[in-house]
Amino acid sequence: MSAEARLRELGIHLPDARPAAGNYIPFRRHGDLLFLAGQGADGHVGRVGDTMTLEEGQAAARAAGLNLLTQTRAALGTLDAVEEVVRVHGWVSCADGFTQIPAVVNGASDLFVEVFGDAGRHARTAVGVWMLPLGFAVEVEMIVAVRDGAGGAYRHAL
Amino acid sequence: MSAEARLRELGIHLPDARPAAGNYIPFRRHGDLLFLAGQGADGHVGRVGDTMTLEEGQAAARAAGLNLLTQTRAALGTLDAVEEVVRVHGWVSCADGFTQIPAVVNGASDLFVEVFGDAGRHARTAVGVWMLPLGFAVEVEMIVAVRDGAGGAYRHAL
Amino acid sequence: MSAEARLRELGIHLPDARPAAGNYIPFRRHGDLLFLAGQGADGHVGRVGDTMTLEEGQAAARAAGLNLLTQTRAALGTLDAVEEVVRVHGWVSCADGFTQIPAVVNGASDLFVEVFGDAGRHARTAVGVWMLPLGFAVEVEMIVAVRDGAGGAYRHAL
């Protein structure tokens, strides 16, 4: 089943694109690699293990992942142009002594596997950080490989 | 206008290359991607929102960006060999509760757009971190795409 | 001398692969780039400059580096398929005011140079972070370039 078909089956509607918080663009394509800028998620603000529970952190990671899918579709026209998710970085604002950082970032990783199947499985690094832009609890970024022949390079849209 | 011409027009003189702080090299080229090591900037030490103001943080980011341009020129011979800036990571040592991390990293991003124009616009992730090497306030790294035919791969210089 | 021969000469036996701490895979190959997931090292838990000394942090970084070599061999069949180490990220959980982060990450970088020689020299970013998964003191990730013709893409093993 295609990624767009899976999205529909799962009843997932991707959110609108968030405005950039600074002087950057949401993605840059180079050859068949698409580099996506880090995404947080509006309303998911706080520190996991302190002002937020693990479950709230996972929801923040999933929401950030949805924002990444929104940008991926904007870059490529369709999620079906994704060959595979190559690498994910997950940054978690967390309490001192909070070590369940991987479980938080699974909120995004699980989403990618739901949508892309095995092609959504990725190399990943998860880190607990001090503060995130706008006070976000979680920020996620990724590199995606694009299928041969899929168009939509951002540079052409500038 | 070429990037080197813009630099001259802006009156920017790139600093000398800083020595590496550890057992690494300042860049590694692979195909037409140039991976640059993270750069801080000497004299820009502290914590933004605590011992440094936002403006001082932005100056630190710009200075780190200049150090990246120095290394880019060293790698490629000329900044005119840059096709585009693909991705930037900005790490900011900041106070608890400081959320203007994107505005700090703009100090580097604005520089890249000044010098390269639209080709300097990049996917970016900005994170507030606990501590940086040598006590730097800001560290910035980037991946740059190299124009077809541009030489200067580091591996050949070893 | 080949990397595998150097390993034998150095008397290094690579550890068994650690299980993933979340919903991710230890590596994803794209073309001739191998993206490795971040690795900590079991038993190397704490905060450098606080509950751990610099030397203990360096040992943690070296152990994380060994885990990366284990995964590199698993991905490619042999370390001799490595053309060069392109980029390394080192994340160090450290005390407030601890600035010797590069010296800690050298624990991994030195290992890569011992094993691969000049081909092991890499662009690097080292950052002091707040918390790491499972309480690890150090986490290290890398991107490796693969020699032409070397097989073993993970996607084929799924």
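Remember, it's a predicted structure, so these values are computed and weren't measured experimentally. Per chain, residue numbering runs from 1 following the sequence as it is written. Throughout, the order in which chains and ligands are written sets their labels, letters from A for the former and numbers from 1 for the latter. Reporting in this predicted model follows two pLDDT cut-offs: at least 70 for local features of residues, and 80 or more for side-chain atom pairs to be given and counted; totals over whole chains, interfaces and linings ignore these cut-offs and use all residues. Note: side-chain values were computed over all heavy atoms of the structure, leaving out hydrogens and water.

Undergrad: Would you mind going over the overall build of chain A with me for this structure?
TA: On a plain count of helices and strands, chain A comes out with four helices and five strands. Under the DSSP-based scheme used, a helix requires at least four consecutive residues in state H or I and a strand at least two consecutive residues in state E, with every element numbered from the N terminus. When the elements of chain A are put in sequence order from the N terminus, they spell out α-β-β-α-β-α-β-β-α. Here the radius of gyration uses the C-alpha set of atoms, whereas the globule reference equals 2.2 Å times the residue count to the power 0.38. Taken over C-alpha atoms, the radius of gyration comes to 15 Å for chain A, in line with the 15 Å a tight globule of 158 residues would show. Oriented by its inertia axes, the alpha-carbon framework of chain A measures out at about 45 × 35 × 25 Å. Out of the 158 residues belonging to chain A, those deemed buried represent 63%. Exposure categories follow from relative accessible area, calculated using a 1.4 Å probe and restricted to protein chains: below 20% of the type maximum is buried, above 50% is exposed, and the middle band is partly exposed.

Undergrad: Can you help me understand the pairing of strand E4 (residues 123-129) of chain C in this one?
TA: Residue and element names in this part refer to chain C. For E4, the tally of buried residues reaches seven of seven residues, placing the bulk of the element in the interior. Residues Ala123, Thr125, Val127 and Val129 point to one face of E4 and Arg124, Ala126 and Gly128 to the other, with burial holding for every one of them. Sheet analysis places strand E3 (residues 82-93) next to E4, joined by seven bridges and oriented parallel. Paired with tryptophan 91 across the strands is valine 127, a residue of E4. Crossover connection from E3 via helix H3 (residues 101-116) to parallel E4: handedness right-handed. One bridge is not enough; two strands pair if DSSP finds at least two bridges between them. The path from the first strand over the helix to the second decides the hand: if it runs clockwise while the strands point away from the viewer, the crossover is right-handed.

Undergrad: Help me understand the interface of chain A and chain B in this model?
TA: By a frequent convention, interface size equals the accessible area lost on bringing the separate parts together. Listed by partner, the interface residues are 29 residues for chain A and 36 residues for chain B. Buried area is calculated as the accessible area (1.4 Å probe) missing from two parts once they are joined, with the contributions of both summed. Across the interface of chain A and chain B, roughly 2600 Å² is buried in total on both sides, 57% from carbon and sulfur atoms. Considering only the surface of chain A that becomes buried against chain B, A:Asn23, A:Arg28 and A:Trp130 emerge as the three largest contributors, covering 29% of it. For this document, the term salt bridge refers to a Lys or Arg side-chain nitrogen within 4 Å of an Asp or Glu carboxyl oxygen. The salt bridge partner of A:Arg28 is B:Glu84, with a shortest N-O separation of 3.1 Å. For the purposes of these results, a polar contact is taken to be a pair of N or O atoms within 3.5 Å, where, inside protein, one atom must be able to donate a hydrogen and its partner to accept one; residues adjacent in sequence count only when each atom of the pair is a side-chain atom. Inspection of the region where chain A meets chain B yields 19 residue pairs in polar contact (both at pLDDT 80 or more). Among the residues forming the side of chain A that touches chain B, the class breakdown is 17 nonpolar, five polar and seven charged. The contact rule is simple, with two residues in contact once any of their heavy atoms fall within 4.5 Å. Each residue is assigned to one of three groups, with Ala, Val, Leu, Ile, Met, Phe, Trp, Tyr, Cys and Pro labelled nonpolar, Asp, Glu, Lys and Arg labelled charged, and all others, Gly among them, labelled polar.

Undergrad: Looking at this structure, I do not really get the sheet that holds strand E3 (residues 82-93) of chain B. What am I missing?
TA: By definition, the strands of a sheet pair up through backbone hydrogen bonds, in either a parallel or an antiparallel sense. Residue and element names in this part refer to chain B. Strand order across the open sheet formed by five strands is E1-E2-E5-E3-E4, with mixed pairing between neighbours. In this open sheet, the two strands that pair with only one neighbour each are strand E1 (27-30) and strand E4 (123-129). Across the sheet, the mean angle from the axis of one strand to that of its neighbour is 15°, orientation sign disregarded. One ladder, built from four bridges, connects E1 with strand E2 (residues 33-39); its direction is antiparallel. The residue of E2 that forms the bridge with arginine 28 is phenylalanine 35. All axes here are fitted lines through C-alpha atoms, helices being fitted over the stretch that makes contact, and every angle between N-to-C directions spans 0 to 180 degrees.

Undergrad: For this particular structure, what's the right way to read the interface of chain C and chain A?
TA: At the interface, 29 residues of chain C touch 36 residues of chain A. Inspection of the region where chain C meets chain A yields three salt bridges. Our count for the contact surface shared by chain C and chain A stands at 18 residue pairs in polar contact (both at pLDDT 80 or more). Those elements that provide at least two residues to the side of chain C that touches chain A are strand E1 (27-30), strand E2 (33-39), E3, strand E5 (138-146) and helix H4 (154-157) of chain C. Tallied by class, residues from the side of chain C that touches chain A come to 17 nonpolar, five polar and seven charged.

Undergrad: How should the side chain of C:Ser93 be read in this particular structure?
TA: Residue and element names in this part refer to chain C. As for its position among the elements, serine 93 is in strand E3. Serine 93 gets classed as buried once you look at its relative accessible area, which sits at 3%. Among all residues touching serine 93, those that are not within four sequence positions of it are Gly46, Arg47, Val48, Val129, Trp130, Leu132, Phe136 and Ala137.

Undergrad: Can you help me understand the packing of aromatic side chains in this one?
TA: Geometry of an aromatic ring pair is reported as the spacing of the ring centres plus the angle between the planes. Centres within 6.5 Å are what make two rings of Phe, Tyr or Trp a pair, Trp counting through its six-membered ring; a difference in plane orientation under 30 degrees is then read as stacked, over 60 as edge-to-face, and the rest as tilted. Applying the stated criterion across every chain yields a total of six aromatic pairs over all chains. A centroid spacing of 5.5 Å and a plane angle of 70° characterise the contact between B:Trp91 and C:Trp91, whose relative ring orientation is edge-to-face. Of this pair, B:Trp91 sits in strand E3 while C:Trp91 sits in strand E3, which puts the two residues in different chains. With respect to class, B:Trp91 is no different from C:Trp91; both count as buried. By the ring-pair criterion, three or more aromatic residues cluster together here, those being A:Trp91, B:Trp91 and C:Trp91. We count a charge as sitting over a ring when the NZ of a lysine or the CZ of an arginine lies within 6 Å of the ring centre and within 35 degrees of the ring normal. It is B:Arg47 that lies over the ring of B:Trp130; its NZ or CZ is 4.7 Å from the centre.

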